[in-house]
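Reading the structure
Chain by chain, the residues:
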Amino acid sequence: MPAKKKGQKQQAEFNEEDELAFLEAAAQANQTRKQAAATVEEETKKDEGLVLTNLPEKPSVAFPNNTYPEKEIQEYNGHNGYRTTSEELKQIERLEYMEKVVPDLREGAEVHRRVRQWAMANVIKPGVNLFDMCAQIEEAVRRLTGYQPITRGLASLNNCAAHSTPNHNDGRVLQPDDVMKIDFGVNINGNIIDSAFTVCFDPKFDPLLQSARDATNTGIKTAGIDVRLCDIGDAINEVFDAASYEINGKTYQVKPVSNLSGHLMAPYTIHAGKSIPICRGGSGEKMAEGELYACETFGTTGKGRVHSLGDNLSHYMVNPTPPVPRTPQQRKLLKTLQENFSTLAFCPRFIDYIGEKKYQLNLRQLCECHSVVEYPSLSDVKGSHVAQFEHSFILLPTHKEVLSRGDDY
Ligand code: MN
């Protein structure tokens, strides 16, 4: 969930040819990986110590030869159907690319569904230690993807909307009256599924959750080839306008968090430029065929804007074009981070997982020289509650596919 930040540099634009070559290579690598994984992986489990009760099997076992399910197909709304006018060659390339990428996305989506449903049944309960909960969810993703580099698992509580995941010393335990956003990504060869949901145990928050669920679904329904991003923001805002609820005689109006948004994704890049606004006044830029988006909306009972409270710094990404760090130690850490996480989001828990020790100072210095970008956790005002739902969908030539759709949300 990219936060609009003053002066923040946009990600480098992708050159389409480079991207296609890159995807060809990724698809090739996938084949090799799958063949190798079948034999080696079971013997090389890295984290034997972590017991994951009732963990479902890898989707690649249940769906051999890329037969992953299509979970939801949506027709385009009227005018924006199949492209017949744009340059045909480019389109054919685009289709070939999609043929290679869509199975990876469906596999990632199947992993996401399995892990979140497993976590809801086995891990996420009042009393669970948040650090342990995230570690288990992440390990489940590792095992179900055959140890692909994972993206962050976020657990943001109550007025905190995003970018929060517990560090070692956190110690927080999930409370029965918490509103928790669970947001994690699954990466298959750099093809990312980003999806999030909100958990509460007290039904008084159900209307808040429902508003964000409806808003996200409305955003996806409105999306399409050549649809202006601002029109999606308008439609989402309208859902929140109509959402209010009462607790003990007090009425809470739900607002969208105006400085968070959905986002275009590209290989290994969670935010590839365009944003899907969740309030009015967005950009007039249009969606295009073949694009993969994460539509995520945040409904809040607070002010409708989030900012860093300086309370949690746990979320980092390597700069895609990092300046060369000053010292050999910093250069070594940067290389390790690139090799393990590419340009995907990571947190200190991941660095521990790969066996690095005493990296804190070097990590801070990598942030200071902008080789690594830090994303502090973002919160609305104290006492408020924020709910989030997020799905990944792709704009195929004749229809939208809502990849991460499940029976749960
Ligand atoms: Mn996202």
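Let me begin by describing the structure that accompanies this report. Because the structure is a prediction, the values reported are computed rather than measured.

So, how was this worked out
- Residues numbered from 1 in each chain as written.
- Predicted model: local features only at pLDDT ≥ 70, side-chain atom pairs only at ≥ 80, totals over all residues.
- Heavy atoms only, no water.
- Helix = DSSP H or I, 4+ residues; strand = E, 2+ residues; numbered from the N terminus.
- Buried < 20%, exposed > 50% of the residue type's maximum accessible area, 1.4 Å probe, protein only.
- Contact = heavy atoms within 4.5 Å.
- Donors = N, O, S within 2.8 Å, 3.2 Å for Na, K, Ca; no water.
- Pairing = 2+ DSSP bridges.
- Core = buried A, V, L, I, M, F, W, Y, C linked by side-chain atoms within 4.5 Å.
- Salt bridge = Lys/Arg side-chain N within 4 Å of Asp/Glu carboxyl O.

A few points about the side chain of Glu-138
- Considering the arrangement of structural elements, one finds Glu-138 in helix H4 (residues 130-145).
- Relative accessible area serves as the criterion here: at 3%, Glu-138 is assigned to the buried category.
- Excluding its chain neighbours within four sequence positions, the residues that come into contact with Glu-138 are Ile-150, Gly-153, Cys-347, Arg-349 and Phe-350.

Description of the coordination of the manganese ion
- Donor atoms from the polypeptide that coordinate the manganese ion comprise Asp-194 (OD), His-263 (NE2), Glu-296 (OE) and Glu-390 (OE), at 2.0 to 2.3 Å from the metal.
- For the manganese ion, all donor residues lie on one chain, and their spacing in sequence is D-x68-H-x32-E-x93-E. Pair noted here: Asp-194 is in strand E5 (residues 191-200) and Glu-390 is in strand E15 (residues 386-395), with a separation of 196 residues, a long-range link.
- Under the relative-accessibility criterion, Asp-194 is labelled buried at 0%.

Focus: the pairing of E5
- Burial analysis of E5 places 10 of its 10 residues in the buried class, which makes it a mostly covered element.
- Across the two faces of E5 the burial is the same, with Asn-191, Ile-193, Ser-195, Phe-197 and Val-199 and Ile-192, Asp-194, Ala-196, Thr-198 and Cys-200 all buried.
- Strand direction decides the pairing type here: strand E4 (residues 179-188) and E5, joined by 10 bridges, are antiparallel. Within E5, the position partnered with Val-179 by the bridge is Cys-200.

Description of the nonpolar core
- Core analysis: the biggest nonpolar cluster contains 83 residues, and Ile-124, Met-133, Met-180, Ile-182, Leu-337, Phe-346 and Val-372 have the highest contact counts within it.
- It is H4 that contributes the most residues to this core, seven residues altogether.
- Sequence-distant contacts of Met-180, defined by excluding residues within four places in its chain, comprise Ile-124, Leu-130, Met-133, Ala-155, Ser-156, Leu-157, Leu-174, Phe-197, Thr-198 and Val-199.
- Counting residues in each nonpolar core, the second largest holds 19 residues, with Met-98, Leu-105, Ala-109 and Tyr-375 among its members.

Description of the pattern of salt bridges
- Applying the stated criterion across every chain yields a total of 15 salt bridges.
- For Glu-291, the salt bridge goes to Lys-274, with nearest N and O atoms at 2.8 Å. Of this pair, Glu-291 sits in the loop between strand E10 (275-277) and strand E11 (292-300) while Lys-274 sits in the loop between strand E9 (261-265) and E10, and the two are 17 residues apart along the sequence.
- Looking at Glu-291, the relative accessible area reads 11%, which means it is buried.
- The exposure class assigned to Lys-274 is buried, which follows from its relative accessible area of 13%.

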